[in-house]
Amino acid sequence: MRNIVWSLSLLFAGMFVSFAQTNGIQKGTYLSTNKGGKIKLNLLDDNKYELVFYTGEYEIKGDSLVFSKKAQSENGFNLSFKNDKKAKKIKIKILDPTLYSVYIGPNFYIGTQKASETVQYQRISDIRAKVDPNWTSTDLEFEIDKTDFLYLVIENHDGKSNISKYALDKDVSEAAIDYQSQPLYNLNFAGFYDRKTNQLKVSEPLVNEPFVFVNEKDVQPDKTPKVVPLENQTITNWTYPGKSSYYDSYGTAVDSTQNNAIDSVAVDTTAYASTDYSYNFKLKIENNLQSALAATKDAKTKFLVGIVDSKNPSAKANFDAFIKSQESQTGYNMYDKYDAKYDVYNYYMAGADDKKWLKNNKITNDPSIFILNGNGDLLAVAKSDLISNQYQFSYNGSYYLQLLRADASLSLGKVLKNKKASDADLIQAFNKAATLETSYDDDDNDEVNDSADLVISKPALNKKEVAQTWKKLIEAHQKDKNPDMSLVETIIKEIKNIGFTKQLFNEDRILDDTDFLAIDYLLKHSDEIESNRAEFNNDE
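Since we're looking at a predicted model, the values are computed, not measured.

Caption draft 1: Representation of the overall build of the protein in the model. Helix and strand counts for the protein come out as 14 helices and 24 strands. Relative to its full complement of 540 residues, the protein shows a buried share of 42%. Element-wise, carbon and sulfur atoms account for 48% of the exposed surface of the protein, whose accessible area totals about 31300 Å².

Caption draft 2: Highlighting the layout of surface pockets. Taken as a whole, the second largest pocket spans an internal volume of roughly 500 Å³. As for the second largest pocket, its lining consists of 19 residues, of which D148, F149, A167, N318 and I387 are closest to the centre. Elements supplying a minimum of two residues to the lining of the second largest pocket: β12 (160–167) and α5 (315–334). No other element matches the four residues that α5 contributes to the lining of the second largest pocket. Tallied by class, residues from the lining of the second largest pocket come to seven nonpolar, seven polar and five charged.

Caption draft 3: Examining the sheet that holds strand β13 (residues 172–179) more closely. Taking strand neighbours across the sheet as the criterion, the four strands line up as β6-β13-β7-β10 in an open arrangement whose pairing is mixed. Edge positions in the open sheet fall to β6 (77–83) and β10 (140–145), since each of these has one partner strand only. Strand-to-strand twist of the sheet, defined as the mean angle between neighbouring strand axes without regard to direction, takes the value 20°. Taken together, the four bridges between strand β7 (residues 89–94) and β13 define a ladder with parallel strand orientation. Along β13, the bridge assignment pairs I94 with I177.

Caption draft 4: The arrangement of the confidence of the model for the protein in detail. The predicted model of the protein averages 76 in pLDDT, with 70% of residues at 70 or higher. Of the regions scoring below 50 in pLDDT, residues 1–23 engages in 25 contacts with residues more than four places distant in sequence or in other chains. Per-residue pLDDT stays below 50 along residues 440–451; that stretch engages in 21 contacts with residues further than four places along the chain or on separate chains.

Caption draft 5: Local environment of helix α4 (residues 289–299). Every buried residue belonging to α4 is among L289, A292, L293 and T296, and all of these are buried. Down the axis of α4, the buried set is contained in an arc of 95°. They therefore lie on one face. Facing away from the buried surface of α4 by more than 90 degrees, the exposed residues are Q290 and D298. Buried residues along α4 sit in contact with β20 (303–308), β21 (345–349), α6 (355–360) and β22 (368–372). Two or three places before Q290, at the start of α4, stands the capping residue N288, its side-chain oxygen 3.3 Å from that residue's backbone nitrogen. K300 sits one or two residues past α4 and shows a positive phi near 70°.

Reading guide: rules and limits
- Residues numbered from 1 in each chain as written.
- Predicted model: local features only at pLDDT ≥ 70, side-chain atom pairs only at ≥ 80, totals over all residues.
- Heavy atoms only, no water.
- Helix = DSSP H or I, 4+ residues; strand = E, 2+ residues; numbered from the N terminus.
- Buried < 20%, exposed > 50% of the residue type's maximum accessible area, 1.4 Å probe, protein only.
- Areas by Shrake-Rupley, 256 points an atom, 1.4 Å probe, with all protein chains shown as cover.
- 1 Å grid on protein atoms, 1.4 Å probe; cavity = no way out; pocket = protein on both sides within 12 Å on 5 of 7 lines; lining within 4 Å.
- Points joined across faces, edges and corners; volume = space filled by probe spheres on them.
- Nonpolar A, V, L, I, M, F, W, Y, C, P; charged D, E, K, R; others polar.
- Pairing = 2+ DSSP bridges.
- Axes fitted to C-alpha atoms, helices over the stretch in contact; angles between N-to-C directions.
- pLDDT = per-residue confidence, 0-100.
- Contact = heavy atoms within 4.5 Å.
- Arc of directions from axis to C-beta.
- Polar contact = N/O pair within 3.5 Å; in protein donor to acceptor, adjacent residues only side chain to side chain.

Here it is, written out as structure tokens:
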């Protein structure tokens, strides 16, 4: 990587010295946007230049320099559709694929899906070999049968595959696909200050393709895709039955499923429901809101997704298809037996009997989608239908982690306000937040793009009040004869900097007097903690 970066830097160094001396070229800032990112070129005084590949925010934590990293929301595809009611097939037109075939050629796939059937995938290079083996046309054109969903997949060299799912209207007759490769992806900037050498050391980004520059004032506004995918996912070791993972020396495709287990993919797996590869999982759909909430509360770590869509005649059919797809995917993840960690959402379609409840909770739009915890607290709401937000409902997605954090924040806030709350209530509330799965990659989804975004309402907590309450709780348990194992677990998470402070405020814990008092609690009961640890973990 270092050789690539320095070679590119030397190339630019020689090129831009003469470039800046050319008549008509002005000093200033130029931006490159033709490769999907924003690369900045600064032409400075004294024939000097700066080539900026990545900009953002940073934070200093001790001797560490932490760079912010925003997750990509798109996979680089721009789609546009044409409609013709009389068309019997759909014409697929991939615009100028020669530009990026060097990077993703054999790793670019297209998939089709009717309703909730299994997705059928094809490699684009295989299609090219059939319809235009001599590359006589710049664009790749071919036809597919009428379908409900279109999948576009980029399989990266690191084993992770980016999958975008699009809904196709029944009258779509042509889909034009334009791909913009991302020059800067999976960046993981990190830095630290070396006190011995007085150096700030920062990791290097990978730069592996040329850029085209235009003056900053002439840059056009960001191009918004005409069609927004229903779903974007990144899957490690993505595959499907019959997929060839590589070509042998004779150019023959070799089946990747011969020696490799099929990993989890964002496709419907109904075809496997009767085999040993999938558990026959079924969601229990209640016919009233009270029952749906009761079922969600019993599960403790589940959330209820409610849908309001009374004006759409296809709403029930769409809901049923979605439920079937969720059941199939969840069963596939569970493999051969029920596993609660994959079963994290219940679903309910609101009806006429729920109008009063909806009005009281200020859910007035139709369609709408909302999310409740088991106590009926509203965590998120959007002016949207189910299809537009279905990509959120993954058991391992960052959205689920954000819901857990919001729910934990809400629970702690209620306990803090409740003057009658018991000591056990406080321990349970702190423990609920402290034991959440730690993730440093997901955003908190604070930015609202439009009313269709299913934005989570995270209750605000007073950090000072939380810290004071935690201190009083630790002080109150100093005379315990036996350790409270939930309190022990919370203390350990907190001093390891993965506890409630990190989860609720996204801040690193700086040990203080309260923490040292908590450590004393652990040392005092160390023998009992060790003897009770296995039983406590099994019970939890």
